[in-house]
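Chain and residue survey
What follows is the residue order along each chain.
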Amino acid sequence: MKKKLRNWGLTFLVIFLMSSQSVSPLVAKAENSGMEANSKPVITAENRVITKNENFQPLMGISAFDEEDGDITERIEVVSNNVNIAIPGVYSVLYRVTDSTGLVGTKLATITVVAATNHKPIIHAQNQIVEAGKTFNTLDNVTVMDEEDGDITHRLTVLSSNVNTEIPGVYSVLYSVTDFGGAKSTEQITVTVVEASDQKPILYAQDQIVHQNTSFNALKGVTAYDKEDGDLTGKIVVLSNNVNTDKLGVYEVLYMVTDSKGAQTSKWISVTVQGATNQKPIIYAQNQTVEQNAQFDVMNNVTAIDLEDGNMTARITVQQNTVNTEVLGTYMVVYTVVDSQNESTTKNVWITVIPKIVSTTIERVMDTDTSVSGTGEAGESIEIRSGTVVIANGQVGSDGYYHFVIEKQPEGAIIKAIVTKLSTGQTSHASTRVEKFILIDKPSIGTNPVYDVTTQVTGFAQSPARKVRAHWNGFIIGEATVDDNGSFVMDIPALMANQTITFIAQDNRGNSSEPYIVIIKAATIMIH
């Protein structure tokens, strides 16, 4: 449609921009016969997307320039503004500016108010490997972070857990959490119970001093312990014993103990036969290193033996204990024991509190991956193992992150990251099971074409896709849930022509599709 207006020799041609979505008038040309050319001022005002209830200042970021007058931003007026930040929708603001000769420039900007998004909380839980017979706590090292509420680990619940650490196998634990805004997340991990590696039993037997012409019991005070079988003291056998208490001298005794799986440990001790004098008791206590904030048991692995009185561990007293595991440093512990003849022994040991090694993490590994990443103690030595085979090694970066190139690993393989703090010998490890990579079919968009005025698209995504996201310039500008029929409807902001939107589908386990890319087209201009 074309309409002419005459006023003081000015002719205006009004052209209407028409499209399937909207019709808006656009003043396209103005001619002034008989006057020297004077350019209209130009207003720069971009379309904007704001969040519901976000503070909106219509003049923020708006500028105006005139070829003759220069920067005339301060002359900009807001002619109309129907923006309602309380209600999501598409609104408009009309700006006007007048130069020194009276020429007027206008600009219409679109303001899209979108609903504030309550992000789902994220459950941080890793697949775990547990030795058979060990205790497994479903909530150990599991945390929850929420973008709006912060740390909400205390709201985490275990929906199901079939873990049985008595029987090797693969089990699952399902976690659930709901944030204060009602957004809910679930996360499932696998817990692999593996056969416990059989370790040799430990035989506790100390060199002894006995008096001449006294009886000697080779098994007195000798004990044995096994990680798998527990107390094996009753299984100790004496393989050799040449002790003769009638004669002064040094003799030897050989002990051996065997666990239920056939692992054996043997130990020699010396037995010194002396004249009949009362000997001081002996305290066995070693210097120790303890991690910061760890519990310190002052009597752990501390024993006392007396030649005449036998085991005197119960009579040990702690004379001094300054250990504070909250503060790094070296502390002294002083032990004393007194035998039945008032012979006393004192022993000093040093307890060094060292920094706790940073917990090691490892990211998911797929059977198509050629690298492995995670976090650990910065600058320390690290090995990556597949089963018992070392497939990569090096150092954790100064930022606490590591990344190594590896060969592809088969589905089900156990990948383990082991960090060793060389200065103290401390270790920290994390492991994950290699998963099969599943490439989801990319989604399709039914709205075709997508114009610069389009604010809603429809599409289709095949199972197992559960959601589709729209990405633009590094931002997620839209997200939709895929229904049981594979269809989805997504609201998006209107974007400028020739921009691209990338649509990516995801399943519940985080597997993603290849991108589906749409180029925004300009609405058709029609002049009648």
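For clarity, every value in this text was computed on a predicted model and none was experimentally measured.

**Focus: the overall build of the protein chain**
Regarding its fold elements, the protein chain presents zero helices and 45 strands. For the protein chain, whose C-alpha radius of gyration is 39 Å, the value lies well above the compact-globule estimate of 24 Å for 528 residues. Projected onto its principal axes, the C-alpha coordinates of the protein chain cover approximately 140 × 50 × 40 Å. By residue count, 33% of the 528 residues in the protein chain fall in the buried class. Here the analysis covers contacts within the protein chain between residues at least 6 apart in sequence; of these, 53% occur between residues at least 24 apart. Counting only carbon and sulfur atoms, one obtains 50% of the accessible surface of the protein chain, whose full area is about 30800 Å². Of note, the protein chain has its 39 positive side-chain charges centred 6 Å away from the centre of its 58 negative side-chain charges.

**Here's the deal with the UniProt feature "domain: Pesticidal crystal protein Cry22Aa Ig-like" (unreviewed entry) in the protein chain**
The feature "domain: Pesticidal crystal protein Cry22Aa Ig-like" (unreviewed entry), as annotated in UniProt, sits at residues 46-113, 126-193, 206-272 and 286-348 in this numbering. From the first C-alpha to the last, residues 126-193 spans 14 Å; its make-up is 0% helix and 51% strand. Within residues 286-348, the helical portion is 0% and the strand portion 48%, while the C-alpha atoms at the span's ends are 9 Å from each other.

**Re the sheet that holds strand β14 (residues 150-151)**
Sheet architecture is open: three strands sit in the order β11-β13-β14, paired in antiparallel fashion. Edge positions in the open sheet fall to β11 (122-124) and β14, since each of these has one partner strand only. Note that strand β13 (residues 143-146) and β14 share two bridges and pair antiparallel. Each bridged residue has a counterpart across the sheet, and for M145 the counterpart in β14 is D151.

**Description of the sheet that holds strand β40 (residues 456-460)**
Taken in spatial order, the three strands line up as β39-β40-β43 in an open sheet, and their pairing is antiparallel. On the outer flanks of this sheet lie β39 (444-445) and β43 (487-491), each paired with one strand and no other. In this sheet, β40 lies alongside β39 in antiparallel orientation, the contact comprising two bridges. Residue pairing across strands places I445 opposite G459, the latter belonging to β40.

**Details of the pairing of strand β10 (residues 104-114)**
Here four bridges tie strand β5 (residues 48-51) to β10, and the two strands are oriented parallel to one another. From the neighbouring strand, R48 faces β10, where its bridge partner is I111. In this sheet, β10 lies alongside strand β9 (residues 89-98) in antiparallel orientation, the contact comprising 10 bridges. Across the sheet, the residue bridging to R96 is T106, located in β10. In textbook terms, the turn of a hairpin is the stretch between consecutive antiparallel strands, and for β9 and β10 this stretch comprises five residues, one of which, G102, has a positive phi near 95°.

**Some remarks on the nonpolar core**
Counting residues in hydrophobic clusters, the biggest one holds 20 residues, and the most contacted among them are V457, V468, A470, M490, I492, I501 and F503. Secondary structure elements with two or more residues in this core: β41 (467-472), β42 (475-481), β43 and β44 (500-506). Counting residues per element, this core draws most heavily on β44, which supplies three residues. Excluding anything up to four places from it in sequence, M490 contacts T455, Q456, V457, V468, R469, A470, G478, E479, A480 and F503.

Procedures and definitions
Residues numbered from 1 in each chain as written. Predicted model: local features only at pLDDT ≥ 70, side-chain atom pairs only at ≥ 80, totals over all residues. Heavy atoms only, no water. Helix = DSSP H or I, 4+ residues; strand = E, 2+ residues; numbered from the N terminus. Rg over C-alpha atoms; globule rule 2.2 N^0.38 Å. Buried < 20%, exposed > 50% of the residue type's maximum accessible area, 1.4 Å probe, protein only. Contact = heavy atoms within 4.5 Å. Areas by Shrake-Rupley, 256 points an atom, 1.4 Å probe, with all protein chains shown as cover. Lys, Arg positive; Asp, Glu negative; His and termini not counted. Charge placed at Lys NZ, Arg CZ, Asp CG, Glu CD. UniProt positions renumbered as here; feature names shortened; annotations may be inferred. Pairing = 2+ DSSP bridges. Core = buried A, V, L, I, M, F, W, Y, C linked by side-chain atoms within 4.5 Å.

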